[in-house]
Amino acid sequence: MKIITVKDQVEGGKLAFHLLEEEMAAGAKTLGLATGSTPLTFYQEMLASQLDFSAMTSINLDEYVGLSADNPQSYAYFMYQHLFHAKPFKHSYLPNGLATDLQAEVKHYDDIIAEHPIDFQILGIGRNGHIGFNEPGTPFEMLTHVVDLTENTIQANSRFFDKIEDVPTQAISMGIASIMSSKTIVLMAYGFDKADAISKTVSGPVTEALPASILQKHEDVVLLLDYDAASKL
Ligand code: GLP
C-alpha cells in the first residue's frame, strides 16, 4: 500500500485526478466510481479538466434498493449531478435499484463488470471499514450482492436524507472480489471519524470484520489521507 498524506480534501482530489491522468495516458478504459462526500473534489477536478471521457466506461460501486435514478438521494442522481451531466461517458453503469428481480440484476451487474475490467477504481471508506456497501462480515470472495445496511451505515448516511426513516435499508453493491480485480485502486479518506477504519485497514489483521483490510493484499493501492484520517497510523 502506498500512503500519501494530503493537506485537505481539495489536495486529495487533485492528487487522485493526477493519478487518473497517468492511468488514462497508460490506456485505462474503464473507471470504477464511488459516491459519498469523499470523491467530490476528485469529480470537481474531472469537471474542470479538458479530459474527454466519451470513449470510456464507468462502473459505480453501488446503489440503494428502492430508489429510482431520478430520486435525488439515489447514487445514479448523485453521479449525474456531480459528474455525468458535464462529462458523459460512452457507457455509465450503476446497479438498478428498482429492479423487480434483484437476483437477476446482481447477475447482470457481474456480467457488466466481467465485460469491462476496471482499470482505475476510486474508493471511499465507511466508518466501520466498509468499501462500496460491503459491510463487516461480507465474504471477501463475494461478487455483486444485495446488502442489508448496518445501523452504523444507515446512521452515517442519514445526513443526506430528511429523516433517518427515509434511508433505504438495502443496497446492491459490487463485491469485494470485483473491487480487488481492479488494476489500480485509489482510496481517499478525510476526517477524524475515518481514522480508526484507516488504521485497521493499514495495519490491522486482514479480516472480513474490517472489509477494507483486504486491500493489504492488492498490488497497486494508493491511500490518500488528510492528517486527521491518518492520525491513528
Ligand atoms: C457510503 C458509500 C461508500 C462511501 C461511504 C463513505 O456508504 N456506499 O461508497 O465510501 O458512504 O461516505 P463519505 O465519503 O460520505 O464519508
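In what follows, the structure referred to is the one given above.
The numbers attached to residues start from 1 for each chain and follow its sequence in the written order. Per-residue local features of the predicted model are confined to residues with pLDDT of at least 70, and side-chain atom pairs are confined, for both listing and counting, to 80 or more; whole-chain, interface and lining totals are unaffected and use all residues. No hydrogens and no water enter the side-chain calculation; it runs on all heavy atoms of the structure.

(A) Representation of the packing of helix α1 (residues 9-25) against helix α2 (residues 40-48) in the model. Remark: α1 packs on α2, axes separated minimally by 7 Å, with the N-to-C direction vectors making an angle of 55 degrees. Here α2 runs oblique to α1, going by the angle between their axes. Two packed elements cross with a definite hand, and for α1 against α2 that hand is right-handed. Counting all contacts with α1, which are made through Gln-9, Val-10, Gly-13, Lys-14, Ala-16, Phe-17 and Leu-20, the residues of α2 involved are Leu-40, Thr-41, Phe-42, Glu-45 and Met-46. Every angle, taken between N-to-C directions, lies between 0 and 180 degrees, and every axis is a line fitted to C-alpha atoms, over only the stretch in contact when it is a helix. By the criteria applied, helices consist of DSSP H or I runs no shorter than four residues and strands consist of E runs no shorter than two, each listed in order from the N terminus. Small angles under 35 degrees read as roughly parallel and large ones over 145 as roughly antiparallel, with 65 to 115 read as roughly perpendicular and the rest as oblique. For any pair of crossing helices, the crossing counts as left-handed if the nearer helix is rotated counterclockwise from the farther one by less than a right angle, and right-handed if it is rotated clockwise. Only heavy atoms matter for contacts: two residues are in contact if any of them lie within 4.5 Å across the pair.

(B) Just the side chain of His-130, in detail. Examined against the element boundaries, His-130 turns out to sit in the loop between β6 (120-123) and β7 (145-148). For His-130, the side chain forms a polar contact with the side chain of Asn-128, separated by 2.9 Å. At a separation of 3.3 Å, a polar atom in the side chain of His-130 contacts the side chain of Thr-153. If near-sequence neighbours (up to four positions away) are discounted, His-130 is found in contact with Gly-124, Ile-125, Glu-135, Thr-153 and Pro-211. Polar contacts, as counted here, are pairs of nitrogen or oxygen atoms within 3.5 Å of one another; within protein the pair requires one atom able to donate a hydrogen and one able to accept it, and residues that are adjacent in sequence qualify only if both atoms are side-chain atoms.

(C) Representation of the sheet that holds β7 within the structure. As summarised here, the arrangement of the three strands in space is β4-β8-β7, forming an open sheet in which the pairing is antiparallel. Where the open sheet ends on each side, the last strands, each with one partner, are β4 (62-64) and β7. Put simply, the sheet's adjacent strands are angled 25 degrees from each other on average, direction ignored. Should DSSP find at least two bridges between two strands, the strands are taken to pair. By the bridge criterion, three bridges tie β4 to strand β8 (residues 170-173) in an arrangement that is antiparallel. In the sheet register, Glu-63 faces β8, and the bridge partner there is Ile-172. Relative to β7, helix α4 (residues 102-115) is tilted by about 120 degrees, and along the sheet it contacts β7 and β8.

(D) Geometry of the environment of Ala-76. Here Ala-76 is to be found in helix α3 (residues 75-84). Note on classification: 1.4 Å probe, protein chains only; a residue is buried when its accessible area is under 20% of the maximum for its type, exposed when over 50%, partly exposed between these limits. Of the residues examined, Ala-76 reaches a relative accessible area of 18% and is grouped as buried. Along the backbone, Ala-76 and Thr-35 are 41 residues apart, and their C-alpha atoms lie at a distance of 9.3 Å. Contacts of Ala-76, omitting those with residues within four sequence positions, involve Glu-63, Ala-69 and Leu-94.

(E) Main features of the pairing of strand β3 (residues 57-60). Neither face of β3 is left uncovered, since the one carrying Thr-57 and Ile-59 and the one carrying Ser-58 and Asn-60 both have all their residues buried. Of the pairings in the sheet, the one linking strand β2 (residues 30-33) to β3 comprises four bridges and is parallel in character. When the bridges of β3 are listed, Leu-33 appears paired with Asn-60. When the strands point away from the viewer, a crossover counts as right-handed if the path from the first strand over the helix to the second runs clockwise. In this fold, the crossover linking β2 to β3 by way of α2 has right-handed handedness. The sheet contact formed by β3 and strand β5 (residues 91-93) spans three bridges and is parallel. When the sheet's bridge partners are listed, Ser-58 is paired in β5 with Ser-92.

(F) Inspection of the pattern of salt bridges at higher detail. Here, a salt bridge means any side-chain nitrogen of Lys or Arg that lies within 4 Å of a carboxyl oxygen of Asp or Glu. All chains considered together, the criterion is met by seven salt bridges. In this structure, Lys-14 and Glu-45 form a salt bridge, with 3.3 Å as the shortest nitrogen-oxygen distance. Here Lys-14 is found in helix α1, whereas its partner Glu-45 is found in helix α2, with 31 residues between them in sequence. Using a relative accessible area of 45% as the deciding quantity, one classes Lys-14 as partly exposed. Residues Arg-127 and Asp-193 are paired through a salt bridge, measuring 4.0 Å at the closest nitrogen-oxygen approach. With a gap of 66 residues between them, Arg-127 in the loop between β6 and β7 and Asp-193 in the loop between β9 (184-189) and α7 (195-203) connect regions that are remote in the sequence.

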